[in-house]
Amino acid sequence: MSNTVSPMLKIDNLHVRVAGREILKGISLEVNAGEVHAIMGPNGAGKSTLGNVLAGREGYEVTQGSVEYEGRNLLDLEPEERAAAGVFLAFQYPVEIPGVNNTYFLRAALNAQRKHRGEPELDSMQFLKRVREKLAVLHLKDELLHRAVNEGFSGGEKKRNEIFQMALLEPKLAVLDETDSGLDIDALKMVADGVNALRAPERAFVVITHYQRLLDYVVPDFVHVLADGRIVESGDKTLAHKLEEHGYAWIAERKLAGAA
Amino acid sequence: MASALLEALLDRQALAHAARPREPEWLAAARRVAAESLAREGLPGPRSESWKYTNLRALEQRTPVVGDAGALSRSIDSAIFSLPGFQGSRLVFVNGQWRKDLSHFVAEAGISISTLAAADPEQLEPWRVVLAQQHTDSAAAFARLNTALATDGAILRVEANAHVATPVHLVFIGAATERDIAWHLRALVELGAGASLRMIEHHVGIDANGVSQIGNLFANYALGRGAQLDLVQIQNGAAGATLIRRSECALAADATLTTHTLEIGAQLTRHDFDVDLAGDGARFVSRGVFALRGRQHADTHLDVRHAARNTISDVLWRGVADERARGVFHGAITVAAGADGADANLSNKNLLLSPNAEIDTQPVLEIYADEVKAAHGATVGQLDEQAMFYLRTRGLPPEAARHLLIGAFCATALSHVEPTELREHLAAMLDSRLPRTEAS
């Protein structure tokens, strides 16, 4: 008899309000370790809201439903507790933090997480060793490390820095919020290579994107279409191609047809 | 305005004490005139534009005695003012009294250092204009008070073209006294043409709980043609102290004054910093930060006058106020008629860390010349919520994220302090005054 494995992330009938407006209107989604889920959808569908709710941003009011992560109520945790528990959000718009050195920040963040988990903190030698390993895996230059966090970074550099942070922090669940937006093809491949290098049986990804383009390089196990706050279609990677071919209007038509 | 404070400060005994037998008659006369104008016009009240954010009413009921009779015998641990890696001359004043035992002179060609009290009339003669200067503006009441009563302080003179290698450390210590005191000191610093010097003005407090004093320091800096002065000001005065400082600087052609100011101590401080860019190509660079908490009140009035061609001023200040503290930054830049080619830049950004804290910033730009480049900006804001969230999603608890952001916000102002050891020392002092992370 095989053990029943509960999903890493279980979103059940999630309703979320932002500034008095209902944005998510009953989302259910299960993500298991090792899986890559793509969430696609038109602008305004609620994609980024989903990412922000998972990371714990203020101002997002959950009116119904639940989110379980590794069997715990994720919504009860503070953002830093979620981080320590292994949840990572790659921001659509990474924040510039003038005056804070990238390396210093990352070491402080990693050690805060380790401390929270009861693990020993890394000294600067151990930390630098880990940094070098990750840079090598991602084929990144160490030049980003010496600068202030995201300050004056190009769009591509900011996204690469998010992926680098993800690699360094080794989350269990990584949510990528439109990490592909605004990237040229080379930068896109670099981001995709980074994600692929981190794919592992114990790690799951939720990749939020507007375009199918990224999914040519990061091949998802499941594709979900989010429209008007609901998942209206789920399928395998071929769903992304259908969307690319027919556009989001196709979904709306199918919805209407289904409702009729 | 009559006040108990002025009566106490200008009582007959104090005035008699200030009249030194060896003093030249012009100085004695200047003291009398200053005391008279002060007695007549009093301290600036709330209607004085330049004091509108700093109310002196609380001071006016105090009756301090001038000077501390026990200053020479108070035990002072030199660790409280030592600076890492510092090897230079040091003049130490405790409650306004020079302490020979704590001071130290490094002999070096090209610089002479002495105390004002020990100066001969001939040594005072070159300073006659500034020592006898009468401040006509009643807002400069403490300058009048200083003119009337300061009998000691420091005189530094650097000869033309002398590049002084050893820095000079002026230390002003506030120590607990049996009763409320006031002290008045003067610093006179002159750099000849082409000379260079590094100096540190350092205010320190000990016995945090027993210090009730009004300290009054008036400093004059005269920079000759092409001279360079690097001045670091550390104001970490005693918790209960009131510190009133005035720095008046005159720069000849191509002279450069670089200042870094850290304001973290004392209960109430007011610093008037006047810079006269009098010669073509003179340059003033000011970096500063104040970090206040509790009921601290710090008021910095920077007044820069571009009076010659191609003069440069570059001012960048940061301010942080927590709890019920109040910060005031007044940055005035005047470009006089004919001062073409002037380049003035002033930036003052502030963070309020508590709903009960207050920061008032006033950038003032007055331009009477034609070809001028001038930019100024001042903001008062709160911590960036986006940045806080970003740091927290990476695992930093809110207190740590806050500390990191505030530290980075302030650090820009001190990033160019030389040497590195001093920069790190200032950074650590600043850091110790910022909201702490719990148990780290």
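Residues numbered from 1 in each chain as written. Chains lettered and ligands numbered in written order. Predicted model: local features only at pLDDT ≥ 70, side-chain atom pairs only at ≥ 80, totals over all residues.

Some thoughts on the overall build of chain B
Across its full length, chain B carries 10 helices and 20 strands. A compact globule built from 440 residues should have a C-alpha radius of gyration of about 22 Å, and chain B, at 21 Å, falls within 12% of that. By principal-axis analysis of the C-alpha atoms, chain B measures approximately 70 × 55 × 45 Å. Looking at chain B residue by residue over its 440 residues, the buried ones come to 50%. Long-range pairs, those at least 24 residues apart, make up 86% of the contacts in chain B between residues at least 6 apart in sequence. (Helix = DSSP H or I, 4+ residues; strand = E, 2+ residues; numbered from the N terminus. Rg over C-alpha atoms; globule rule 2.2 N^0.38 Å. Buried ≥ 20, exposed ≤ 12 C-beta atoms within 10 Å, placed from the backbone. Contact = placed C-beta atoms within 7 Å.)

Regarding the overall build of chain A
The secondary structure content of chain A amounts to eight helices and 12 strands. In terms of overall dimensions, chain A is globule-like: its C-alpha atoms have a radius of gyration of 18 Å, near the 18 Å expected for 260 residues. Dimensions of chain A, computed from C-alpha atoms along their principal axes, come out at roughly 65 × 45 × 40 Å. Counting the 260 residues in chain A, one finds 42% classified as buried.

A closer look at the pairing of strand S7 (residues 181–191) of chain B
Residues and elements named next belong to chain B. Burial analysis of S7 places 11 of its 11 residues in the buried class, which makes it a mostly covered element. Going residue by residue along S7, you find Ile 181, Trp 183, Leu 185, Ala 187, Val 189 and Leu 191 tucked away on one face and Ala 182, His 184, Arg 186, Leu 188 and Glu 190 tucked away on the opposite face as well. Sheet topology places strand S5 (residues 152–158) next to S7; seven bridges connect them, and they run parallel. In the sheet register, Gly 153 faces S7, and the bridge partner there is Arg 186. (Pairing = 2+ DSSP bridges.)

Digging into the confidence of the model for chain B
Residues of chain B with pLDDT of at least 70 account for 98%, and the chain-wide mean is 94. Interface confidence for the predicted complex, expressed as ipTM, amounts to 0.95; the pTM equals 0.89. (pLDDT = per-residue confidence, 0-100.)

A closer look at the nonpolar core
Val 175 of chain A together with Leu 223, Leu 251 and Leu 257 of chain B are the most contacted members of the largest nonpolar core, which has 205 residues in total. The biggest single contributor to this core is S7 of chain B, with eight residues. Domain assignment of the residues forming this core places at least three in each of domain 1 (4–279) and domain 2 (384–440) of chain B. (Core = buried A, V, L, I, M, F, W, Y, C linked by C-beta atoms within 7 Å. Domains from an automatic or database assignment.)

Considering the sheet that holds strand S6 (residues 87–90) of chain A
All names here are of chain A. An order of S6-S9-S10-S3-S11-S12 is seen for the six strands of this open sheet, with the pairing classed as mixed. On the outer flanks of this sheet lie S6 and strand S12 (230–235), each paired with one strand and no other. The average angle at which neighbouring strand axes cross in this sheet is 20°, direction not considered. Relative to S12, strand S11 (residues 222–227) runs antiparallel, the two sharing five bridges. Note that in S12 the partner of Leu 226 across the bridge is Ile 231. (Axes fitted to C-alpha atoms, helices over the stretch in contact; angles between N-to-C directions.)

Brief notes about helix H3 (residues 25–41) of chain B
Residues and elements named next belong to chain B. The terminal C-alpha atoms of H3, which comprises 17 residues, lie 24 Å apart, in line with the 24 Å expected from a rise of 1.5 Å per residue. For H3, the set of buried residues is Leu 27, Arg 31, Ala 34, Ala 35 and Leu 38. All buried residues of H3 project into a common sector of 100° when viewed along the axis, lining one side. Every exposed residue of H3 that faces more than 90 degrees away from the buried side is listed here: Glu 25, Ala 29 and Arg 40. Trailing H3 by a residue or two, Gly 42 shows a phi angle of about 75°, which is positive. (Expected span 1.5 Å × (residues − 1). Arc of directions from axis to C-beta.)

Considerations on unusual backbone geometry
Working note: non-glycine residues mostly have negative phi, and peptide bonds are mostly trans. Residue and element names in this part refer to chain B. Going from Glu 418 to Pro 419, the amide bond is cis rather than trans, its omega being -10°. You can see Pro 419 is positioned in the loop between helix H9 (398–411) and helix H10 (420–433). Unusually for a residue other than glycine, Ala 266 sits at a positive phi of about 65°. Topologically, Ala 266 is positioned in the loop between strand S12 (256–263) and strand S13 (268–277). Given 27 C-beta atoms within 10 Å, Ala 266 falls into the buried group. Positive phi is not limited to glycine here, since Glu 323 has a value of about 50°. Tracing the sequence through the fold places Glu 323 in the loop between strand S16 (312–321) and strand S17 (326–335).

With respect to the interface of chain A and chain B
With 19 residues of chain A in contact, the opposing surface of chain B contributes 16 residues. When its residues are assigned to classes, the side of chain A that touches chain B shows 14 nonpolar, three polar and two charged. (Nonpolar A, V, L, I, M, F, W, Y, C, P; charged D, E, K, R; others polar.)

Focus on the pairing of strand S10 (residues 228–236) of chain B
Residues and elements named next belong to chain B. With seven of nine residues buried, S10 lies mostly within the body of the structure. Note: strand S8 (residues 196–205) against S10, nine bridges, orientation parallel. Along S10, the bridge assignment pairs Ile 200 with Val 232. Here S10 runs beside S12; their pairing, made up of eight bridges, is parallel. Bridge pairing links Leu 231 to Thr 259 in S12.

Observations regarding the sheet that holds strand S5 (residues 72–73) of chain A
Residue and element names in this part refer to chain A. Read from one edge to the other, the open sheet built from four strands follows the order S2-S1-S4-S5, with strand pairing classed as antiparallel. With partners counted over all chains shown, the strands left at the sheet margins are strand S2 (21–31) and S5, one partner each. Pairing geometry for strand S1 (residues 9–18) and S2, over eight bridges, is antiparallel. Bridge assignment links Leu 14 to a residue of S2, and that residue is Ile 27. Helix H1 (residues 47–55) contacts S1, S2 and strand S4 (60–69) of the sheet and is inclined by roughly 65° relative to S4.

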